[in-house]
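Fold and geometry: a report
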Amino acid sequence: MSETAPAADPGPAAATSKEFRERGFGALVRWDSVVAVVLVLVLLYSFGSVKNFGNSLNLSFLIGNTLPIAIIALPMCMLVASGQIDLSVGSMAGLSGAIMGALWNNGWPIQQIIPICLAVGLLGGLLNGLLVTRLGLPSLAVTIGTLALFRGLAQIILGANAVTDFPEQYLTFGSGRIGSSFVPTAAIPYLVLVVLAVVLLHVSRFGRAVFAIGANEQAAYFAGLRVRRTRLILFALTGLLASATGVFWVLHYASARYDNATGLELSVVAAVLLGGIDFDGGKGTILGAIAGVFLLGTLQNVMSLQDVSAQTQIIVTGVLLVVSVLAPRTARQVRQYAARRRVVSAVKRAASASA
């Protein structure tokens with residue numbers, strides 16, 4: 001089957017996109033509002049009841065530790081909205097960090113290392129995208145495989161070594177703060193990425209195509225949308241920002257190891273789904289995903305301050321992931337059941353009136 005179908009009436013995809021805007025957007029706003037309200041309540045509780053939560057050092061620590069999840073959540077939001085997923089992002093971040101450490105140990109200037117790491121991430125994303133879009137393989141299976149592949153390559157490249165002696169100005173960018181505030185320096189470029197992501201997904205034609213593809217792939221295809229190319233771009237973008245996250249991870253924690261960002265993909269997916277992104281595709285907002293990211297980050301920070309074990313934190317993340325997938329499906333089934341009941345009642349009333 002060719003990449004684009006012959007010229008056809010754009011009605012199905014246009015209708016899908018219009019349906020999303022007119023019917024789904026209000027519900028998503030309500031869901032985003034719920035997540036935002038819960039985030040505010042958790043913050044109010046934490047400021048009032050959790051010792052040391054409100055000091056500048058902890059707030060900076062909270063935001064800095066959440067930024068790796070928040071960066072990858074931007075392209076992951078778009079990818080899930082298109083009906084796909086990438087579970088290799090944590091391993092790609094680890095591979096990027098391992099390459100960064102190995103090249104630095106071999107005397108390469110960091111100005112050359114960072115573009116190389118980003119290029120590797122782009123190629124890794126393209127690999128995932130080509131396997132999914134050209135060979136028709138399921139993204140879940142493909143990215144579980146590349147998760148192991150990228151982590152194995154990271155271990156081969158760097159071994160058990162830890163590289164820590166990176167240039168001071170770069171480490172300051174990764175872990176420093178703006179003046180005497182609690183806002184990390186890295187928050188500035190992140191805000192730029194957020195603006196670009198909002199424009200791309202919610203304003204541009206590309207974003208409308210993403211939602212149309214996720215809502216109904218066949219309708220989008222017959223409407224002339226480039227389904228495979230759109231998803232390939234999203235996989236490439238996800239790999240690129242995953243590698244950028246790996247670079248930031250090294251600079252933030254001042255350490256390049258092959259096991260950097262292990263398990264990060266679980267937190268990213270949980271935060272994105274918690275923020276209202278539909279796992280089946282076709283629905284979601286960037287701001288909702290960001291709210292989910294910082295809600296999850298705040299909960300993890302509060303649990304750490306209260307000496308909750310790392311294993312328990314993983315359990316909480318897993319439970320939130322299950323709830324985030326299960327709740328929208330359950331709500332959708334309840335709405336469908338209620339709609340069927342209304343139709344049956346209307347038919348019975350009409351039959352009674354006729355009799």
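- The protein appears in an unreviewed UniProt entry as Autoinducer 2 import system permease protein LsrD from Jatrophihabitans telluris.
- Of the comments in the UniProt record for the protein, the one headed Subcellular location (unreviewed entry) reads "Cell membrane".

1. Overview of the overall build of the protein
- Helix and strand content of the protein: 13 helices and zero strands.
- Sequence-ordered secondary structure for the protein, helices as α and strands as β, is α-α-α-α-α-α-α-α-α-α-α-α-α.
- For 355 residues, the compact-globule formula gives about 20 Å, and the C-alpha radius of gyration of the protein, at 22 Å, lands near that figure.
- The principal-axis extent of the C-alpha atoms belonging to the protein is close to 85 × 55 × 35 Å.
- Taken across its 355 residues, the protein has 46% of its residues classed as buried.
- Carbon and sulfur atoms form 67% of the exposed surface of the protein, whose accessible area is close to 17100 Å².

2. Topic: helix 12 (residues 286-305)
- Taking 1.5 Å as the rise per residue, helix 12 with 20 residues should run 28 Å; its terminal C-alpha atoms sit 29 Å apart, in good agreement.
- The element helix 12 is extensively covered by neighbouring structure, given that 16 of its 20 residues are classed as buried.
- Among the residues trailing helix 12, Asp-307 stands out with phi positive, at a value near 60 degrees.

3. With respect to the environment of Val-198
- Its location among the elements puts Val-198 in helix 7 (residues 187-202).
- What makes Val-198 partly exposed here is its relative accessible area of 24%.
- Between the C-alpha atoms of Val-198 and Ile-286, which are 88 residues apart in sequence, the distance is 6.1 Å.
- Among all residues touching Val-198, those that are not within four sequence positions of it are Val-203, Ile-286 and Leu-287.

4. As for the UniProt feature "transmembrane region" (unreviewed entry) in the protein
- With numbering aligned to this structure, UniProt lists the feature "transmembrane region" (unreviewed entry) at residues 28-47, 59-80, 110-133, 140-162, 182-203, 232-254 and 308-327.
- Secondary structure over residues 59-80 splits into 100% helix and 0% strand, and the C-alpha atoms at its two ends are 30 Å apart.
- Helix makes up 100% of residues 110-133 and strand 0%, whereas the separation of the span's terminal C-alpha atoms amounts to 34 Å.

5. Observations concerning unusual backbone geometry
- Its identity is not glycine, yet Asn-52 carries a phi of approximately 70 degrees, on the positive side.
- Position of Asn-52 among the secondary structure elements: in the loop between helix 1 (11-49) and helix 2 (56-81).
- Look at Asp-307: it is not a glycine, yet its phi comes out positive at around 60 degrees.
- Its place among the elements puts Asp-307 in the loop between helix 12 and helix 13 (310-354).

6. Quick look at the packing of aromatic side chains
- If you walk through the whole model with that rule in mind, you get four aromatic pairs.
- When the ring of Phe-47 is compared with that of Phe-53, the centres are 5.1 Å apart and the planes differ by 85 degrees; the resulting orientation is edge-to-face.
- Given a relative accessible area of 0%, Phe-53 falls into the buried group.
- Residues Tyr-221 and Phe-222 carry aromatic rings whose centres are separated by 5.1 Å and whose planes lie at 75 degrees to one another, so their mutual orientation is edge-to-face.

7. Thoughts on a nonpolar patch on the surface
- On the surface, Leu-127, Leu-149, Leu-153, Ile-156 and Ile-157 cluster together to form a nonpolar patch covering roughly 430 Å² of accessible area.
- Considering every element that reaches the nonpolar patch, the biggest residue donor is helix 5 (residues 139-158), with four residues.
- Inspection of the secondary structure assignment puts Leu-149 in helix 5.
- Take Leu-149: its relative accessible area is 40%, and that puts it in the partly exposed class.

8. Comments concerning the nonpolar core
- Counting 81 residues, the largest nonpolar core has Met-76, Met-100, Phe-166, Tyr-190 and Ile-286 as its most contacted members.
- Apart from residues no more than four positions distant in its own chain, Phe-166 is found in contact with Met-100, Gly-101, Trp-104, Ile-110, Leu-171, Val-250 and Ala-256.

9. Quick look at the packing of helix 2 against helix 12
- Their axes nearest at 9 Å, the elements helix 2 and helix 12 cross at an angle of 145 degrees. Once helix 2 is placed against helix 12, the crossing between them reads as right-handed. Facing Asn-58, Phe-61, Leu-62, Thr-66, Ile-69, Ala-70, Ala-73, Leu-74, Cys-77 and Met-78 of helix 2, the residues of helix 12 in contact are Ile-286, Ala-289, Ile-290, Val-293, Phe-294, Gly-297, Thr-298, Gln-300, Asn-301 and Leu-305.
- Broken down by class, the residue content of the contact of helix 2 with helix 12 amounts to 14 nonpolar, six polar and no charged.

10. Some remarks on the packing of helix 3 (residues 89-105) against helix 5
- At a closest axis distance of 8 Å, the pairing of helix 3 and helix 5 adopts a crossing angle of 15 degrees. On the basis of their axis angle, the class for helix 3 and helix 5 is roughly parallel. When the axes of helix 3 and helix 5 are compared, the crossing they make is left-handed. On helix 5, the residues that touch Gly-90, Ser-91, Met-92, Gly-94, Leu-95, Ala-98, Ile-99, Gly-101 and Ala-102 of helix 3 are Leu-147, Phe-150, Arg-151, Leu-153, Ala-154, Ile-157 and Leu-158.
- Here the residues of the contact of helix 3 with helix 5 sort into eleven nonpolar, four polar and one charged.

11. Considerations on the confidence of the model for the protein
- In the predicted model, the protein carries a mean pLDDT of 86, and the fraction of residues at 70 or more is 91%.
- In this model residues 1-29 is a low-confidence stretch, pLDDT under 50, and it forms 40 contacts with partners more than four residues away in sequence or in other chains.

Quick notes on the rules
- Residues numbered from 1 in each chain as written.
- Predicted model: local features only at pLDDT ≥ 70, side-chain atom pairs only at ≥ 80, totals over all residues.
- Heavy atoms only, no water.
- UniProt positions renumbered as here; feature names shortened; annotations may be inferred.
- Helix = DSSP H or I, 4+ residues; strand = E, 2+ residues; numbered from the N terminus.
- Rg over C-alpha atoms; globule rule 2.2 N^0.38 Å.
- Buried < 20%, exposed > 50% of the residue type's maximum accessible area, 1.4 Å probe, protein only.
- Areas by Shrake-Rupley, 256 points an atom, 1.4 Å probe, with all protein chains shown as cover.
- Expected span 1.5 Å × (residues − 1).
- Contact = heavy atoms within 4.5 Å.
- Phe/Tyr/Trp six-rings, centres within 6.5 Å; stacked < 30°, edge-to-face > 60°.
- Patch = residues over 30% accessible without salt bridge, like charges linked within 9 Å, V, L, I, M, F, W, Y side chains within 5 Å.
- Salt bridge = Lys/Arg side-chain N within 4 Å of Asp/Glu carboxyl O.
- Core = buried A, V, L, I, M, F, W, Y, C linked by side-chain atoms within 4.5 Å.
- Axes fitted to C-alpha atoms, helices over the stretch in contact; angles between N-to-C directions.
- Left-handed = near helix turned anticlockwise from the far one by under 90°.
- Nonpolar A, V, L, I, M, F, W, Y, C, P; charged D, E, K, R; others polar.
- Parallel < 35°, antiparallel > 145°, perpendicular 65-115°, else oblique.
- pLDDT = per-residue confidence, 0-100.

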